[in-house]
Amino acid sequence: MNPFVEVNPFAPELVAARKRAKQLCQQLNALRADQTKARKPLYQELFGQVSRAYIEPSFFCDYGSNIFLGDGFYANHNCVILDVAEVRIGNNVMFGPNVQIYATTHPLDPQERATGKEFCASVTIGDDCWIGGGAIILAGVTIGKGSVIGAGSLVNKDIPEGVVAAGNPCKVIKTVTANQP
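Residues numbered from 1 in each chain as written. Predicted model: local features only at pLDDT ≥ 70, side-chain atom pairs only at ≥ 80, totals over all residues. Heavy atoms only, no water.

Novice: Teacher, can you tell me more about the sheet that holds strand 9 (residues 100-102) here?
Specialist: Consider a sheet: its strands pair through backbone hydrogen bonds, and that pairing is either parallel or antiparallel. The 5 strands are arranged 3-6-9-14-17 in an open sheet whose pairing can be described as parallel. Each edge of the open sheet carries a strand with a single partner, namely strand 3 (59-61) and strand 17 (154-155). Strand direction decides the pairing type here: strand 6 (residues 79-82) and strand 9, joined by 3 bridges, are parallel. Bridge pairing in strand 9 places V80 opposite Q100. (Pairing = 2+ DSSP bridges. Helix = DSSP H or I, 4+ residues; strand = E, 2+ residues; numbered from the N terminus.)

Novice: What am I meant to see in the nonpolar core here?
Specialist: One broad trend across soluble globular proteins is that nonpolar side chains are buried collectively. Residues F59, I89, F95, I125, I131 and I143 are the most contacted members of the largest nonpolar core, which totals 46 residues. Tallying contributions element by element places helix 1 (residues 12-30) first for this core, with 4 residues. Filtering out sequence-adjacent residues up to four positions away, I125 remains in contact with R88, I89, G90, V93, F95, I101, I131, I137 and I143. (Core = buried A, V, L, I, M, F, W, Y, C linked by side-chain atoms within 4.5 Å. Buried < 20%, exposed > 50% of the residue type's maximum accessible area, 1.4 Å probe, protein only. Contact = heavy atoms within 4.5 Å.)

Novice: Can you help me understand the packing of aromatic side chains in this one?
Specialist: To describe a pair of aromatic rings, one takes the distance between the centres and the angle between the planes. With the rule as written, the count across this model stands at 4 aromatic pairs. Look at Y43 and F47: their rings are 6.0 Å apart centre to centre, the planes differ by 35°, and that puts the pair in the tilted class. Each member of the pair, Y43 as well as F47, carries the same accessibility label: buried. Arranged with centres 5.7 Å apart and planes meeting at 75°, the rings of F47 and F59 form a pair that is edge-to-face. Note that F47 is positioned in the loop between helix 2 (36-46) and strand 2 (53-55) and F59 in strand 3, a separation of 12 residues in sequence. In this pair, the class of F47 matches that of F59, namely buried. Members of the aromatic cluster, joined through ring pairs, are Y43, F47 and F59. The positively charged end of R88 is found above the aromatic ring belonging to F68, 4.0 Å away from the centroid. (Phe/Tyr/Trp six-rings, centres within 6.5 Å; stacked < 30°, edge-to-face > 60°. Lys NZ or Arg CZ within 6 Å of the ring centre and 35° of its normal.)

Novice: Would you mind going over helix 2 with me for this structure?
Specialist: Side chains of residues three or four places apart in an α-helix project in the same direction, reflecting 3.6 residues per turn. All of the buried residues along helix 2 are R39, L42, Y43 and L46. Taken around the axis of helix 2, the buried residues stretch over an arc of 105°, which confines them to a single face. (Arc of directions from axis to C-beta.)

Novice: Would you take a moment to explain the sheet that holds strand 11 (residues 118-120) for this structure?
Specialist: Strand order in this open sheet of 3 strands is 1-11-10, and the pairing throughout is antiparallel. Looking at which strands have only one partner, the edges of the open sheet turn out to be strand 1 (5-7) and strand 10 (104-105).

Novice: I keep staring at the packing of helix 1 against helix 2 and nothing clicks. Help me out?
Specialist: In helix packing, the relevant descriptors are the interaxial angle and the interaxial distance, both defined with respect to the helix axes. Where helix 1 contacts helix 2, the axes come no closer than 10 Å and their chain directions differ by 165°. Our classification of the angle between helix 1 and helix 2 gives roughly antiparallel. Like other packed secondary-structure pairs, helix 1 and helix 2 cross with a definite hand, here left-handed. For the pair formed by helix 1 and helix 2, the contact residues are R20, A21, L24, C25, Q27 and L28 on the first element and R39, L42, Y43, E45 and L46 on the second. Its residues placed into classes, the contact of helix 1 with helix 2 shows 7 nonpolar, 1 polar and 3 charged. (Axes fitted to C-alpha atoms, helices over the stretch in contact; angles between N-to-C directions. Parallel < 35°, antiparallel > 145°, perpendicular 65-115°, else oblique. Left-handed = near helix turned anticlockwise from the far one by under 90°. Nonpolar A, V, L, I, M, F, W, Y, C, P; charged D, E, K, R; others polar.)

As C-alpha cells, this is what we get:
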C-alpha cells in the first residue's frame, strides 16, 4: 500500500493556508527570548494541537495546522516542518538544532515534477524521543517511542521503539538502556 497522497499546492485554500502559516512563523520568530508568554497564543493559532511547548527561533512550517504536538515538546533553533501531511509528535520529545521534517516530496520524473505536483505522507514521532541536531525525517516515516536519532541522520524508513539509530540512511545501532550516556 502506497502511503503517499497527491496534492495540488496551487489550490487557493492551500496557498492561503501557507500564507497564514508564514505570517504566524514570522511573528513567532520576531519575539524576544524573554517573551515566553507571548508564544503560547501563537502556538495555539498555528498548530493543530499544542499544550506545553517551547520552540527556539527560527521556526518554519508550511501550514502548521497539520502539526500535532504532544505535551512537553521542545525544538532547538532552525526547525523546519513541511507539514503538507500530518506530523504527529508525541509527549516529551526534544529536537536538536536544524531538525527538518519533510512530509512532502515531488515526482522523480522531470516533466511530471514541472507540473508542480506534490505527494505527501504523514510523519509520526512517538513519546520520549530525542532527535539529534541536523537530522532529516522524510515523508511516511514513523519513529517509535523512546528512540534516539543521531545528529545528522537521514531517516527514510521507520525506526522501532526504544533504539538508538543514526546515519545516512538511518539504521538501528543499539537498544536504549537505562543510565546510558
